[in-house]
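# Observations on the three-dimensional arrangement
Here are the chains, one letter per residue:
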Amino acid sequence: MDGKIFGATVARVLGDPTGDYEITFTDPLPDDDYIIQLTVLDCDGNCPPPGGGNLDDPGISYYDQGTDFFRVNIGDSDNGGTPKVDIDQEFMFVVFDF
């Protein structure tokens, strides 16, 4: 993973080989009431793995939000036509705490 991250680290969630990442804050926040903004890179109709067939509409969501971390899942469900398949795809995040 290449990128510029300030005040956090990103690592794959242990035990989840594909699509799940944990973002850990360098300094914990005072509470878990903060805003997470996520976006995933468009894979131009060919999401991983290469030749991913109908994996052309990646989605991203967060879960397990705490004071010192949150987790992200990236997947594709073929425009809702099939169960979600976890994929690895470049993503960006911003955290706001007012």
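Residues numbered from 1 in each chain as written. Predicted model: local features only at pLDDT ≥ 70, side-chain atom pairs only at ≥ 80, totals over all residues. Heavy atoms only, no water.

### Points about the overall build of the protein
Which entries qualify depends on this criterion: Only DSSP runs of H or I reaching four residues or more are called helices, and only runs of E reaching two or more are called strands; each is numbered from the N terminus. Partly exposed describes any residue whose relative accessible area lies between the buried limit of under 20% and the exposed limit of over 50%, with all areas from a 1.4 Å probe on protein chains only and scaled to the type maximum. Between two residues, a contact is recorded if the distance between any of their heavy atoms is within 4.5 Å. In these tables, accessible area is a Shrake-Rupley quantity obtained with a 1.4 Å probe, and a residue counts as shielded only by the protein chains included in the view.
Each helix and strand in the protein was counted, giving zero helices and seven strands. Scored against the burial criterion, the 98 residues of the protein give a buried share of 27%. Contacts in the protein between residues at least 24 apart in sequence constitute 53% of all its contacts with a sequence separation of at least 6. Entry remark: accessible area of the protein is about 6300 Å², with carbon and sulfur atoms responsible for 51%.

### As for unusual backbone geometry
Within the chain, aspartate 64 stands out as a residue other than glycine whose phi angle is a positive 55°. Among the residues examined, aspartate 64 registers a relative accessible area of 41% and is labelled partly exposed.

### Things to note about the side chain of aspartate 20
Worth spelling out the cut-off: In summary, the charge assignment counts Lys and Arg as positive and Asp and Glu as negative, without counting His or the chain termini. Each salt bridge in this description consists of a side-chain nitrogen of Lys or Arg and a carboxyl oxygen of Asp or Glu lying within 4 Å of one another. Polar contacts, as counted here, are pairs of nitrogen or oxygen atoms within 3.5 Å of one another; within protein the pair requires one atom able to donate a hydrogen and one able to accept it, and residues that are adjacent in sequence qualify only if both atoms are side-chain atoms.
Here aspartate 20 is to be found in strand β2 (residues 20-25). At 6.9 Å, lysine 84 is the nearest oppositely charged side chain to aspartate 20, a buried residue that forms no salt bridge. There is a polar contact of 3.1 Å between the side chain of aspartate 20 and the side chain of asparagine 73. Filtering out sequence-adjacent residues up to four positions away, aspartate 20 remains in contact with Arg12, Val13, Tyr63, Val72, Asn73 and Asp86.

### Some thoughts on the nonpolar core
Spelled out, the test is: The definition of a nonpolar core used throughout is a set of buried Ala, Val, Leu, Ile, Met, Phe, Trp, Tyr and Cys residues joined through side-chain atoms within 4.5 Å.
If you look at the biggest cluster of nonpolar residues, it comprises 16 residues, and the most contacted ones within it are Ile23, Phe70, Val72, Ile74 and Phe91. Those elements that provide at least two residues to this core are β1 (8-12), β2, β3 (35-40) and β5 (69-76).

### Brief notes about the confidence of the model for the protein
For clarity, the threshold we go by: On a scale of 0 to 100, pLDDT captures the predictor's confidence in every residue.
Mean pLDDT for the protein: 87, with 89% of residues reaching 70 or above. β2 holds the highest mean pLDDT among the elements of the protein, 97, whereas strand β6 (residues 85-86) holds the lowest, 88.

### Quick notes on the pattern of salt bridges
By the definition in use, this model includes three salt bridges. One salt bridge in this structure joins aspartate 88 and arginine 12, with 3.0 Å as the shortest N-O distance. Placement of the pair is aspartate 88 in the loop between β6 and β7 (91-96) and arginine 12 in strand β1, with a sequence separation of 76 residues. Owing to a relative accessible area of 26%, aspartate 88 belongs among the partly exposed residues under this scheme. Measuring nitrogen to oxygen at the nearest pair gives 2.7 Å for the salt bridge that ties glutamate 22 to arginine 71. Here arginine 71 lies in strand β5 and glutamate 22 lies in strand β2, a separation of 49 residues in the sequence.

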